[in-house]
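Below are the chains, spelled out letter by letter.
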Amino acid sequence: KDMKIPLLYILVRPLLKLWFYFTYYPTYINRESIPKKGRVILAGTHTNNLDGFLLASATIRPVRFIAKKELFKGIGKWFFTSCGMIPVDRSVHDKTVIPAAINLLEKEAVIGIFPEGTINRTDEIIMPFKKGAIKMAISTKSPIVPFAIIGDYQKFKKNVKIVFGNLYYPQTIDIEKENKILEDKVKNLIKEGRETK
């Protein structure tokens, strides 16, 4: 039942982690809330194209990201597919994504998802969350670990941090209600992260 880790992920991850860590000096808060085994969904804010590196560097477990299909072109298609990422077509209601993610969760995977759907370039603290993360969690009885990314990526500045909330399970099958709960948890993490030096 356990999922095989993509070979390219095993090979590339240590190098990328070293590069990322010694370029941006990220701070991790409460990353021990990510379970060491078993299915889990990591869901949170999207501030920069480097967010995937930050999230992946927070755990030794392979994170299977849901990523925009635009990344899957040319050599990018081979690279991201080989790393186990799931492409999503944001221009339509892509019905392939949630079944693919559910299949991975049933193999006890870690799914990484940015429910805002794109990088937040607005003045709002977060953009409205799409409901995919909640649908996956309810369908597979998977827990969620919310997260918030604070600061920006300035090289050699120790200026970015990721704050993880506590693991929790959706308590109802009400998708709208549970999505609002997830949004509120992430908003609280942003406030907490901004107050924590």
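All values derive from a computational prediction rather than experimental measurement. Within each chain, residues carry numbers counting from 1 in the order of the written sequence. Per-residue local features are limited, in this predicted model, to residues with pLDDT of at least 70; the limit for side-chain atom pairs, both in listing and counting, is 80 or more; totals at the level of whole chains, interfaces and linings are taken over all residues. Side-chain metrics in this entry use all non-hydrogen atoms of the structure; hydrogen atoms and water are not considered.

## Here's the deal with the overall build of the protein
Then step 1. Broken down by element type, the protein carries six helices and seven strands.
Then step 2. Secondary structure follows DSSP: runs of H or I at least 4 residues long count as helices, runs of E at least 2 residues long count as strands, and numbering of each begins at the N terminus. In sequence order, the secondary structure elements of the protein are arranged as α-β-β-α-β-α-β-α-β-α-β-β-α.
Then step 3. Taken over 197 residues, the protein has a buried fraction of 49%.
Then step 4. Carbon and sulfur atoms make up 58% of the accessible area of the protein, which amounts to about 10,800 Å² in all. Relative accessibility decides the category of a residue: with a 1.4 Å probe and only protein chains considered, values under 20% of the type maximum give buried, values over 50% give exposed, and everything between is partly exposed. The Shrake-Rupley method, run with a 1.4 Å probe sphere, supplies the accessible areas, and residue values consider only the shown protein chains as cover.

## Some points on the side chain of Asn179
Then step 1. Mapped onto the secondary structure, Asn179 falls in helix 6 (residues 175-195).
Then step 2. Polar contact is the term for a pair of N or O atoms within 3.5 Å; when the atoms are in protein, one must be able to donate a hydrogen and the other to accept it, and sequence-neighboring residues count only if both atoms are side-chain atoms. Only 2.9 Å separates the side chain of Asn179 from the backbone oxygen of Phe129, close enough to count as a polar contact.
Then step 3. Leaving out residues up to four positions away in the same chain, Asn179 has contacts with Phe129, Lys130, Lys131 and Ile134. Contacts were defined at the residue level, with two residues in contact if any of their heavy atoms lie within 4.5 Å.

## Considering the packing of helix 5 (residues 132-140) against helix 6
Then step 1. Axis lines are fitted to C-alpha atoms, over the contacting stretch for helices. Their N-to-C directions set the angle, which ranges from 0 to 180 degrees. It is at 9 Å that the axes of helix 5 and helix 6 come closest, and there the two elements cross at 115°. The angle between helix 5 and helix 6 falls in the class roughly perpendicular. Relative to helix 6, the crossing made by helix 5 is right-handed. From helix 5, Ala133, Ile134, Lys135 and Ile138 reach across to helix 6, where they touch Ile175, Glu178, Asn179 and Leu182. Just so you know how the angles are binned, under 35 degrees is roughly parallel, over 145 roughly antiparallel, 65 to 115 roughly perpendicular, and the rest oblique. Should the near helix be turned anticlockwise from the far one by less than a right angle, the crossing is left-handed, and should it be turned clockwise, the crossing is right-handed.

## Considering the nonpolar core
Then step 1. Here the nonpolar core consists of buried residues drawn from Ala, Val, Leu, Ile, Met, Phe, Trp, Tyr and Cys, with membership extended through side-chain atoms lying within 4.5 Å. Core analysis: the biggest nonpolar cluster contains 24 residues, and Ile41, Ala43, Ile111, Ile113, Met136, Ile144 and Leu182 have the highest contact counts within it.
Then step 2. Of all elements in the fold, only strand 2 (40-44), helix 4 (97-105), strand 5 (110-113), helix 5, strand 6 (144-151) and helix 6 reach the threshold of two or more residues within this core.
Then step 3. Here Leu182 is in contact with Ala43, Phe129, Ala133, Ile134, Ile144, Pro146 and Tyr168, once residues within four sequence places are set aside.
Then step 4. Of all hydrophobic cores here, the second largest spans 22 residues; its members include Phe20, Val63, Tyr153 and Phe164.

## Some words on helix 5
Then step 1. Within the sequence span of helix 5, burial applies to Gly132, Ala133, Ile134, Met136, Ala137 and Thr140.
Then step 2. One or two positions beyond helix 5, positive phi appears at Lys141, with a value near 55°.

## A look at a nonpolar patch on the surface
Then step 1. Residues form patches when they are more than 30% accessible in relative terms and have no salt bridge. Like charges link within 9 Å. Nonpolar side chains (Val, Leu, Ile, Met, Phe, Trp, Tyr) link within 5 Å. Throughout this description, the term salt bridge denotes a Lys or Arg side-chain nitrogen within 4 Å of a carboxyl oxygen of Asp or Glu. A surface patch of nonpolar side chains, amounting to about 520 Å² of accessible area, comprises Leu18, Tyr21, Phe22, Tyr25 and Phe156.
Then step 2. For Leu18, the position within the fold is in helix 1 (residues 7-24).

## Quick notes on the pattern of salt bridges
Then step 1. Applying the stated criterion across every chain yields a total of three salt bridges.
Then step 2. Put simply, Glu108 and Arg39 hold a salt bridge, and the shortest N to O gap is 3.0 Å. Linking Glu108 in the loop between helix 4 and strand 5 with Arg39 in the loop between strand 1 (27-29) and strand 2, this pair joins segments that are 69 residues apart in sequence.
Then step 3. When its relative accessible area of 22% is taken as the criterion, Glu108 is described as partly exposed.
Then step 4. In this structure, Asp184 and Lys180 form a salt bridge, with 2.9 Å as the shortest nitrogen-oxygen distance. Residue Asp184 and its partner Lys180 are located together in helix 6, separated by four residues, close to a single helical turn.
Then step 5. Classification of Lys180 by relative accessible area gives partly exposed; the value is 44%.

## Let's talk about the packing of aromatic side chains
Then step 1. Here the aromatic set is Phe, Tyr and Trp, taking the six-membered ring for Trp, and pairing holds for ring centres within 6.5 Å; pairs whose planes are under 30 degrees apart are stacked, those over 60 apart are edge-to-face, and all others are tilted. Summed over all chains, the structure comprises eleven aromatic pairs.
Then step 2. Between the aromatic rings of Phe20 and Phe53, the centroid separation amounts to 6.4 Å while the plane-to-plane angle is 25°, which identifies the pairing as stacked. Note that Phe20 is positioned in helix 1 and Phe53 in helix 2 (residues 51-56), a separation of 33 residues in sequence.
Then step 3. By relative accessible area, which is 1% here, Phe20 ends up buried.
Then step 4. Plain terms: the ring middles of Phe65 and Phe114 are 6.3 Å apart, the flat faces sit at 15° to each other, and that makes the pair stacked. With Phe65 in strand 3 (residues 63-68) and Phe114 in the loop between strand 5 and helix 5, the pair connects residues that are 49 residues apart, well separated along the chain. Residues Phe65 and Phe114 agree in their burial class; the two are buried.
Then step 5. By way of ring pairs, the aromatic residues Trp19, Phe20, Tyr24, Phe53 and Tyr153 are connected into one cluster.
Then step 6. The rule for a charge over a ring is simple: NZ of Lys or CZ of Arg within 6 Å of the ring centre, and within 35 degrees of the ring normal. Seen from the ring of Tyr28, Arg31 lies directly overhead, with NZ or CZ sitting 4.1 Å from the centre.
Then step 7. Above the ring of Tyr168, the side-chain terminus of Lys185 is found at 4.4 Å from the ring centroid.

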